[in-house]
Amino acid sequence: MQDAFKEKVLAGKVAFIAGASSGINLGIAQHFARHGAKVAIISRSAEKIAAAAKTMTDEGHEALGIAADVRNFDSVDAAFKAVHDKFGKIDVVVSGAAGNFVAPALGMSSNGFKTVVDIDLVGTFHVLRASFQYLNRPGASLISITAPQAVNPSLFQAHVCAAKAGINMLTKCLAMEWGPAGVRVNAISPGPIAETEGMLRLAGSPEAEKAIKARIALRDYGTKTDIADTALFLSTHNAKYITGSIIDCDGGSKLGDAGADALAGN
Ligand code: HXC
Ligand code: NAP
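Now for a description of the structure that goes with this document. These figures come from a predicted structure and were not determined experimentally.

**Details of the site of ligand 1**
1) Next: Taken together, 18 residues are adjacent to ligand 1, and Arg 44, Arg 71, Asn 100, Ser 109 and Arg 201 come closest.
2) Next: Arg 44 is positioned such that a nitrogen or oxygen atom in its side chain is 2.9 Å from an oxygen atom of ligand 1.
3) Next: In this structure, an oxygen atom belonging to ligand 1 sits 2.8 Å away from a side-chain N or O atom of Arg 201.
4) Next: Against a free-state accessible area of 1100 Å², the protein chains account for coverage of 62% of ligand 1.
5) Next: Residue assignment for the shell around ligand 1 shows that the elements contributing at least two residues are helix 4 (110-135) and helix 6 (197-202).
6) Next: Among the residues forming the shell around ligand 1, the class breakdown is 5 nonpolar, 9 polar and 4 charged.

**A look at the pattern of salt bridges**
Proximity of charged atoms lets side chains of opposite charge pair with each other.
1) Next: Per the stated rule, a full pass over the model turns up 13 salt bridges.
2) Next: Asp 91 is paired through a salt bridge with Arg 137; the nearest N and O atoms lie 2.7 Å apart. Here the residue Asp 91 occupies a position in the loop between helix 3 (73-87) and strand 4 (92-95), and Arg 137 occupies one in the loop between helix 4 and strand 5 (141-145), the gap between them amounting to 46 residues.
3) Next: The class of Asp 91 is buried, set by a relative accessible area of 7%.
4) Next: The partner of Asp 120 in a salt bridge is Lys 164, with the nearest N and O atoms 3.8 Å apart.

**Some words on the packing of aromatic side chains**
Two numbers describe a pair of aromatic rings. These are the distance of the centres and the angle of the planes.
1) Next: Overall, the coordinates contain 3 aromatic pairs when judged by the stated rule.
2) Next: Summarising the aromatic geometry, the rings of Phe 80 and Tyr 134 are spaced 6.2 Å apart at their centres and angled 15 degrees between planes, so their arrangement reads as stacked. Placement of Phe 80 in helix 3 and of Tyr 134 in helix 4 is noted, with a sequence separation of 54 residues between them. Both residues of the pair, Phe 80 and Tyr 134, count as buried.
3) Next: Chaining the aromatic ring pairs together yields one cluster made of Phe 16, Phe 80 and Tyr 134.
4) Next: When the ring centre of Tyr 221 is taken as origin, the NZ or CZ atom of Lys 213, which lies over that ring, is 4.8 Å away.

**Digging into the sheet that holds strand 5**
1) Next: Here we have 7 strands laid out as an open sheet, ordered 3-2-1-4-5-6-7, and parallel in their pairing. Each end of this open sheet is capped by a strand with a single partner; those strands are strand 3 (63-67) and strand 7 (246-249). Taken pair by pair, the neighbouring strands of this sheet meet at an average axis angle of 20 degrees, ignoring direction.
2) Next: Both strand 1 (residues 14-18) and strand 2 (residues 38-43) contribute to a ladder of 5 bridges, which runs parallel. Looking at the pairing, Ala 18 lines up with Ile 42 of strand 2.
3) Next: The sheet contacts of helix 1 (residues 23-34) involve strand 1, strand 2, strand 4, strand 5 and strand 6 (184-190), and relative to strand 1 the element is tilted by about 170 degrees.

**Some thoughts on the site of ligand 2**
1) Next: Contacts to ligand 2 come from 31 residues, most closely from Ser 22, Ser 43, Arg 44, Asp 69 and Thr 196.
2) Next: At a separation of 2.8 Å, an oxygen atom of ligand 2 approaches a polar backbone atom of Gly 96.
3) Next: Gly 198 places a polar main-chain atom, nitrogen or oxygen, 2.9 Å from an oxygen atom of ligand 2.
4) Next: If ligand 2 stood free it would expose 890 Å²; the protein chains cover 91% of that surface.
5) Next: Every element with two or more residues in the shell around ligand 2 is listed here: helix 1 and helix 6.

**Considering unusual backbone geometry**
What is expected of a backbone is that most residues other than glycine have negative phi and most peptide bonds are trans.
1) Next: Positive phi, normally seen in glycine, also occurs at Phe 156, with a value near 65 degrees.
2) Next: In this structure, Phe 156 sits in the loop between strand 5 and helix 5 (158-178).

**Describing the packing of helix 3 against helix 4**
1) Next: Between helix 3 and helix 4, whose axes approach to 9 Å, the crossing angle comes to 35 degrees. Every pair of crossing elements has a handedness; the one defined by helix 3 and helix 4 is right-handed. Where helix 3 approaches helix 4, its residues Phe 73, Val 76, Asp 77, Phe 80, Lys 81 and His 84 are matched on the opposing element by His 126, Val 127, Arg 129, Ala 130, Ser 131, Gln 133 and Tyr 134.
2) Next: Residue classes in the contact of helix 3 with helix 4 are distributed as 6 nonpolar, 4 polar and 3 charged.

**Structural notes on the state of the cysteines**
1) Next: Applying the stated criterion to the full structure yields 0 disulfides.
2) Next: With no disulfide of its own, Cys 161 has Cys 249 as its nearest cysteine by sulfur position, at a separation of 19 Å.
3) Next: Here Cys 161 falls in the buried class, since its relative accessible area comes to 12%.
4) Next: You can see Cys 173 has no disulfide; the closest cysteine sulfur is in Cys 161, sitting 20 Å from it.

Reading the values: rules and limits
- Residues numbered from 1 in each chain as written.
- Chains lettered and ligands numbered in written order.
- Predicted model: local features only at pLDDT ≥ 70, side-chain atom pairs only at ≥ 80, totals over all residues.
- Heavy atoms only, no water.
- Near = heavy atom within 4 Å.
- Polar contact = N/O pair within 3.5 Å; in protein donor to acceptor, adjacent residues only side chain to side chain.
- Areas by Shrake-Rupley, 256 points an atom, 1.4 Å probe, with all protein chains shown as cover.
- Helix = DSSP H or I, 4+ residues; strand = E, 2+ residues; numbered from the N terminus.
- Nonpolar A, V, L, I, M, F, W, Y, C, P; charged D, E, K, R; others polar.
- Salt bridge = Lys/Arg side-chain N within 4 Å of Asp/Glu carboxyl O.
- Buried < 20%, exposed > 50% of the residue type's maximum accessible area, 1.4 Å probe, protein only.
- Phe/Tyr/Trp six-rings, centres within 6.5 Å; stacked < 30°, edge-to-face > 60°.
- Lys NZ or Arg CZ within 6 Å of the ring centre and 35° of its normal.
- Pairing = 2+ DSSP bridges.
- Axes fitted to C-alpha atoms, helices over the stretch in contact; angles between N-to-C directions.
- Contact = heavy atoms within 4.5 Å.
- Left-handed = near helix turned anticlockwise from the far one by under 90°.
- Disulfide = S-S within 2.5 Å.

Set out below in structure tokens:
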């Protein structure tokens, strides 16, 4: 398939991506590297993040993996300093670390709820807050990864829905505060993405997958490249007038399924 972007559209740029030892965020990191960026990635596991960075250095790209827990501001701050020391600057930040499990609110302890809010929402605040000293200039692009659950209530996902709703509002507040400096702050809301930990946890059986696909306007899961292309666009000059936006890349998932059963087959 033809690539919509010039191969090296991020040449000379440095990207910092949080939660990128696997899945969608690693897909973004690899896509950025293939489009010319130097890439730094963080996650909790030293082993996993080193292996993820190696997938990029093995292809001849510059990539650095650092173990850091987004729940700990000092560890995130230290990671940014290490990346800045190594690459000399940072242009793009993606905040995508997340945790999820399926449980009813009554099956969730205070610590269970707090754990997800701490990783997703507080972690995103930490990443964006720590990044600003390095990205306080026109052209900088900050991107968070949210989810349709931020606006669509979802059974057994109270923690994730609340955390992602917070990310959407944080995105808009920081876009207002940091816009005067020329810094753009946006979020991407992926729909169900194939071959990810998230969908394994939410729809682990073929029956569940079929039921979810029947409720997506485009009737299929997206790919990691779909999300990576959206992040790539937001990182370029072509997106220079976009800030405070939640960009849906979801095949129309959020449109809902009113009448889907009655109209099946149409
Ligand atoms: C109820 C649970 C639980 C479950 C954990 N907990 N799993 N409660 N049901 N299935 C509770 C624990 O009992 C504990 O509370 C608290 O959560 C913290 O658990 P720990 O295991 O100590 O936490 P930690 O090691 O920090 O791990 C965090 C995690 C874990 C979120 C629980 O699953 C994780 O590391 N996830 C990262 C990977 C991930 O989730 N990827 C998917 C992201 S996808 P107590 O009270 O016992 O101490 C995503 C999709 C969004 O976000 C939308 C998709 C469409
Ligand atoms: P994933 O592969 O599990 O990615 C989550 C990443 O976060 C992992 O690299 C994990 O690495 C890291 N992480 C978890 N806790 C962390 C912490 N405390 N500090 C630092 N890093 C941490 O899941 P995914 O399905 O690709 O999801 C990626 C993002 O897309 C998430 O923000 C998710 O909410 C969002 N999303 C996914 C879907 C989907 O269909 N999958 C849909 C909508 C939104 P370590 O374990 O090494 O820490």
